[in-house]
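# Report on the structure
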Amino acid sequence: MGTSTNGKVNDFSSDMEVDAFRRLFPLRFHERHLAESIRPDGRPLGKARDTTLVLGAVASANGSALAKIGCTTMLAAIKMEVMAPTVEAPDEGCIAIEFHMPPICSPLIRPGRPAEIAPVISKQLSDTILRQEIICHYLELSLVSGKAAWMAYLDIYCLDADGALFDAALLSAVAAFSHLQVPVVSLNDDGRIVLISEDNIAAMKEKEPVNKEKRKLKLDSVPFSLTCVLHKNHILADPTSEEESIMETFLTVVLDSSSFQLVSLNKPGGPGLAHTSAIQECVELAKLRVKEVQKIMNEATSDMEQD
Amino acid sequence: MDVEREGGRGANQLRPMDCTRSVLSRAHGSASCSNGETRVLAAVYGPKAGTKKNENPEKACIEVIWKPKTGQIGKQEKEFEMILKRTLQNICLLTAHPNTTTSIIVQVAHDDGSLLPCAIHAACAALVDAGIPLKYFAVAICCSFSESGHILLDPNKLEEQKMKALVYLAFPSSVRSVLTEGSENGEESAENGIITSLTHGVMPVDSYFQCLEQGRAAVTPLTNILKKKLQSPSPINQSAAA
Amino acid sequence: MSGKGSTTPSTYSPSPTGYKKKRPDSNWARPDGRTLHQCRPAFLRTGAVNSASGSAYAEFGNTKVIVSVFGPRESKKAMMYSDSGRLNCNVNYTTFATPTRSQAPESKDLSSMLHKALEGAIILKSFPKTTVDVFALVLESGGSDLPVIISCASLALADAGIMLYDMVASVSVSCNGTSLLIDPVSEEESYQDGSLIITCMPSRNEVTQMTVTGEWSTPKIHEAMQLCLDACSKLGKIMRSCLKEAASGLQD
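Turning to chain C, the UniProt annotation filed under Sequence similarities (unreviewed entry) states: "Belongs to the RNase PH family."

Under an unreviewed UniProt entry, the name given to chain A is Ribosomal RNA-processing protein 43, and the organism recorded is Penstemon smallii. According to UniProt, the comment filed for chain A under the heading Sequence similarities (unreviewed entry) is "Belongs to the RNase PH family."

Right, let's talk about the overall build of chain C for a bit. Scanning chain C from terminus to terminus reveals 5 helices and 11 strands. Expected size for 252 residues packed as a compact globule is a radius of gyration near 18 Å; at 20 Å, chain C falls within 12% of this value. Along the longest, intermediate and shortest principal axes, the C-alpha atoms of chain C span 60 × 55 × 40 Å. Expressed as a percentage of the 252 residues in chain C, the buried residues total 43%. In chain C, the share of contacts with a sequence separation of at least 24, taken over all contacts with a separation of at least 6, comes to 69%.

Residue-level contacts link 24 residues of chain A with 31 residues of chain B. Looking at which element gives the most residues to the side of chain A that touches chain B, the answer is helix H4 (residues 117–131) of chain A, with 6 residues. Its residues assigned to classes, the side of chain A that touches chain B comprises 11 nonpolar, 8 polar and 5 charged.

Facing the 41 residues of chain A at the interface are 33 residues of chain C. Those elements giving two or more residues to the side of chain A that touches chain C turn out to be strand E3 (72–83), strand E4 (94–100), H4, strand E6 (148–160) and strand E9 (193–195) of chain A. Tallied by class, the residues present in the side of chain A that touches chain C amount to 30 nonpolar, 6 polar and 5 charged. By the bridge criterion, 2 bridges tie E3 of chain A to strand E1 (residues 11–12) of chain C in an arrangement that is antiparallel.

Let us look at the sheet that holds strand E7 (residues 151–153) of chain B. Residues and elements named next belong to chain B. Within the open sheet, the 4 strands sit side by side as E7-E6-E8-E9. Their pairing is antiparallel. Each end of this open sheet is capped by a strand with a single partner; those strands are E7 and strand E9 (196–200). Neighbour to neighbour, the strand axes of the sheet diverge by 20 degrees on average, direction disregarded. Where strand E6 (residues 138–145) meets strand E8 (residues 165–172), 8 bridges bridge the pair, whose relative direction is antiparallel. Across the sheet, the residue bridging to isoleucine 141 is leucine 169, located in E8. Of the strands in this sheet, E6, E8 and E9 touch helix H1 (residues 75–91), which is tilted by about 155 degrees from E9.

Let us now look at the nonpolar core. Counting 225 residues, the largest nonpolar core has Ala122 and Ala123 of chain B together with Val67, Val134 and Ile149 of chain C as its most contacted members. For this core, the element with the most residues is helix H2 (residues 115–130) of chain B, which contributes 12 residues. If near-sequence neighbours (up to four positions away) are discounted, valine 134 of chain C is found in contact with Val67, Val69, Leu87, Asn88, Cys89, Leu114, Leu118, Ala153, Ala156 and Leu157 of chain C.

Cis geometry marks the peptide bond from glycine 46 of chain B to proline 47 of chain B; its omega dihedral reads 5 degrees. Within the fold, proline 47 of chain B resides in strand E3 (residues 38–49). Note the cis peptide between glycine 71 of chain C and proline 72 of chain C, where omega equals 5 degrees. Relative to the assigned elements, proline 72 of chain C resides in strand E5 (residues 63–74).

Within the UniProt annotation, "domain: Exoribonuclease phosphorolytic" (unreviewed entry) is assigned to residues 48–183 and 222–287 of chain A. With 27% helix and 38% strand, the stretch residues 222–287 of chain A has end C-alpha atoms that lie 13 Å from each other.

Moving on to the confidence of the model for chain C. Residues and elements named next belong to chain C. On average, residues of chain C score 86 in pLDDT, and 90% of them reach the 70 mark or higher. Across residues 1–8, confidence stays below pLDDT 50; counting only partners more than four residues off in sequence or on other chains, it has 7 contacts. In the predicted assembly, ipTM is 0.88 and pTM is 0.89.

We now examine the environment of threonine 128 of chain A. Residue and element names in this part refer to chain A. In this structure, threonine 128 sits in helix H4. Threonine 128 sits 116 residues away from glutamate 244 along the chain, and the two C-alpha atoms are 22 Å apart. Once residues lying within four places of it in the same chain are set aside, the contact partners of threonine 128 are Leu170, Pro223, Val254, Val263 and Ser264.

What follows concerns the UniProt feature "domain: Exoribonuclease phosphorolytic" (unreviewed entry) in chain C. On the UniProt side, "domain: Exoribonuclease phosphorolytic" (unreviewed entry) is annotated at positions that read residues 38–162 and 166–227 of chain C here. As a span, residues 38–162 of chain C carries 22% helix and 34% strand, and end to end its C-alpha atoms are 32 Å apart.

Once that is clear, we can look at the pairing of strand E13 (residues 250–256) of chain A. All names here are of chain A. With 6 of 7 residues buried, E13 lies mostly within the body of the structure. Here strand E11 (residues 223–231) runs beside E13; their pairing, made up of 7 bridges, is antiparallel. Each bridged residue has a counterpart across the sheet, and for proline 223 the counterpart in E13 is aspartate 256. The sheet contact formed by E13 and strand E14 (residues 262–266) spans 4 bridges and is antiparallel.

Calculation notes
The numbering scheme is per chain: residues are counted from 1 as the chain's sequence reads. For this description, chains carry letters from A and ligands carry numbers from 1, given in the order in which they are written. Where totals are concerned, whole chains, interfaces and linings use all residues; where local detail is concerned, this predicted model gives features only for residues with pLDDT of at least 70, and gives and counts side-chain atom pairs only at 80 or more. UniProt positions are given in the numbering used here, feature names are shortened, and annotations may be inferred rather than shown by experiment. Strands are runs of DSSP state E lasting at least two residues, helices are runs of H or I lasting at least four, and both sets are numbered from the N terminus onward. The globule rule is 2.2 Å times the number of residues to the power 0.38, and the radius of gyration it is compared with is taken over C-alpha atoms. Our exposure labels follow a C-beta count within 10 Å of each residue's own C-beta, placed from the backbone: buried means 20 or more other C-beta atoms, exposed means 12 or fewer, and partly exposed covers the counts in between. The contact criterion used is a C-beta to C-beta distance within 7 Å, with each C-beta placed from the backbone. Side-chain classes follow a simple rule in which Ala, Val, Leu, Ile, Met, Phe, Trp, Tyr, Cys and Pro form the nonpolar group, Asp, Glu, Lys and Arg form the charged group, and the remainder, Gly included, forms the polar group. Strands pair, by our definition, only if DSSP identifies at least two bridges between them. To define axes, lines are fitted to C-alpha atoms, for helices over the stretch in contact only, and angles between the resulting N-to-C directions are given on a 0 to 180 degree scale. To form a nonpolar core, buried Ala, Val, Leu, Ile, Met, Phe, Trp, Tyr and Cys residues must be joined through C-beta atoms within 7 Å. Confidence of the prediction at every residue is given by pLDDT, a number between 0 and 100.

If you want it as structure tokens, here you go:
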């Protein structure tokens, strides 16, 4: 917009209803907020939205969690199935991670035409979680060497898309792992793995269970992330979908919760450039956020244990 | 540094790079880029009228189609498509052709490490060949971080697999005073920023910034090479002129 | 690393040992301890999805459903001009909704059933040339999925402010030997001889959809229909109070 028209627009905007101004001049609306160091939803620039975590939201899964960051809602569930391991790696199980965006989550997604971003987030989640050797290590997915191993299917559904999808998806995925209980199983005469249910443990005494008891994972170090929008000199943590669509440059920092090592730093292009100082600031914001999320996670797990 | 690399390269030494434009006769613009054994072909069609649904019609729309060497498109290709698209959105003057779509088709001919940087160069060169107005060139590089803490630039496939972490970076090319005096400040800051960053694997935060510095140091020489390669007249134009 | 995820070997979920699929005798207790003519406790809430025009979440025992309504919005370009609005329905299951992974019932069938059940209750004339999209996602399947989806979708439509003749409530009854079980869970559905689903508009006393499958005798059908209609009117009241609560919450 040229400088000559600026004054005119200003006069116009003062008469206009706030909501109309927001729709007609979204960028100006947001820039005016940024100048006052506040966001349209009343947050300071560096603050993330309220985050809640509920473990065990799906009874039919072995581990599940519902994560909510502001309005963005993610439901993650893990189902354990048995597979025959490959000849090359007889003791290795597998984790398959899939991110879904069903049409209920956003007006932009229609049935039959999957969202373009879904496979990208899927890939980034797999990279983040599978590279974090800690989770894979604790899982100990092997059952009977060369015969059977666990295949962990992790499915994450976006129920409501309102920005920072990766952050919420990663949080729900990590929480689902922390809630996961690997069932007790044994090998039957046909060479298939069968469950040992609570009430017929006595009957199954003669059959040695393959894994001893219901196991819970101990997660000392997990990845957490923070997405920031970069706009001119401002850094907005945890953007809403409106902010993401108007200021299109964003950066996602994933840090390890215990050592604060960098798990991933993604800035997929966008109109703006990221300067070293801005990246450093984002990493600092991410560090604070990781501590915050860790606390939320610990509270959710301790609530679970009390029940 | 006492790192031994295949072919006797130094840690900061890049593989020989080549870039040829106008390699396809039917595309509006095309380029073939190679980086050691890695080779990528890019073709540009457009700008064509209209944008895709859910895109802003006040700007030009960029569409990237990634074709792997063999097999079907998977999640990896989708990720590259998204990153390449958003990287090109950064360098193109999107308001120059509003309500149009420009398609870039990227065909991988051979992958021997540092595939994404090579594809970024090929796509940029093809855009230049098609005469699409650009703000600057995107200069991309892959840095790898070894278990022992060394940083190697431009790793090949074998090195990529052995490394603890990989960092793909794209910088705006260094611009020499084509702009007026007044915009010099903006020019400087453009050189400091990064367009794209993509990492794989866990590493200390400081090492990332180290990679950033090392990658930035390679921008000027890479820009010069690319400029020289692109200035040489294309084979098709030559024959047309004759 | 990348090869690990891409090649998916065939897998199976370990089945419980010593578990025999036996049909229980006629005077068996229901697995969740209900009496034969007692519905599961219903939990309903509107406004579950912020980015939709209207939405609702329903939880009936283990059956958990989210429905989002978008629109009225522009119809697809290929659609012909129409004086009345269009309704578009889609039902999906999550991969973990069923005990065995990805064994969801045919989504096309459910989508068309949902469409037919809702069509009669919506005043389509009120939004000419446009389309209302109703998308449902079954988070967990615990039996009587379709009735729950229909009731939840009707609540979401009301939440979106779409003009309705009345809300629709849907209840199913399953015939098991000589006894009728209302609002059956998955386990009961797997033994049933026949099932009846009634969708009705309680305050107009009109039925928008009735589906009968399996073996029924005439007196049994009459009894079952009466059971369903009574339960529908009760469910209708619960849905109404849920909407009122949401509206009064807004006023505060």
